Amino acid sequence: MQCGYCTPGMVMTAIELLETNPSPSDDEIRRAITGNLCRCTGYTKQVTAIRSAADAMKGGSS
Ligand code: FES
């Protein structure tokens, strides 16, 4: 993350995604965050963070 402007929307989207799909693929994560514009990044960090959160919620490590 850089400026953080997109962070609230990303977090809310990630919560809904992981509540409905606890093991999303990277493509599913990218589709889920499509409506959240980030002007600073290429979305790689967000996808990695959501995948890490999914692993943590399952009790695994990232
Ligand atoms: S980190 Fe700046 S808009 Fe996403």
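Criteria and cut-off values
- Residues numbered from 1 in each chain as written.
- Predicted model: local features only at pLDDT ≥ 70, side-chain atom pairs only at ≥ 80, totals over all residues.
- Heavy atoms only, no water.
- Axes fitted to C-alpha atoms, helices over the stretch in contact; angles between N-to-C directions.
- Helix = DSSP H or I, 4+ residues; strand = E, 2+ residues; numbered from the N terminus.
- Parallel < 35°, antiparallel > 145°, perpendicular 65-115°, else oblique.
- Left-handed = near helix turned anticlockwise from the far one by under 90°.
- Contact = heavy atoms within 4.5 Å.
- Nonpolar A, V, L, I, M, F, W, Y, C, P; charged D, E, K, R; others polar.
- Expected span 1.5 Å × (residues − 1).
- Buried < 20%, exposed > 50% of the residue type's maximum accessible area, 1.4 Å probe, protein only.
- Arc of directions from axis to C-beta.

Trainee: Please set out the packing of helix α1 (residues 7-20) against helix α3 (residues 44-57) residue by residue, giving values where relevant.
Mentor: Geometrically, a packed helix pair is captured by the angle between its two axes and the distance between the axes. Two elements in contact, α1 and α3, have axes whose closest approach is 11 Å; the angle formed by their N-to-C orientations is 40°. On the basis of the axis angle, α1 is oblique to α3. Regarding α1 and α3, the two cross each other, and that crossing is right-handed. Contact with α1, carried on its side by M10, A14, L17 and L18, involves Q46, I50, A53, A54 and M57 of α3 and no other residues of that element. Classifying every residue of the contact of α1 with α3 gives 8 nonpolar, 1 polar and no charged.

Trainee: Residue-level account of α1, with values.
Mentor: An α-helical turn contains 3.6 residues, so any two residues separated by three or four positions project in the same direction. The end-to-end C-alpha separation of α1 is 20 Å, in line with the 20 Å expected for 14 residues at 1.5 Å each. Inspection of α1 places M10, T13, A14, L17 and L18 among the buried residues, and these make up the whole buried set. Looking straight down α1, one finds its buried side chains confined to an arc of 125°; they lie on one side. Those residues of α1 that are exposed and angled more than 90 degrees off the buried face are P8, M12, E16, E19 and T20. Taken together, the buried residues of α1 touch α2 (26-32) and α3.

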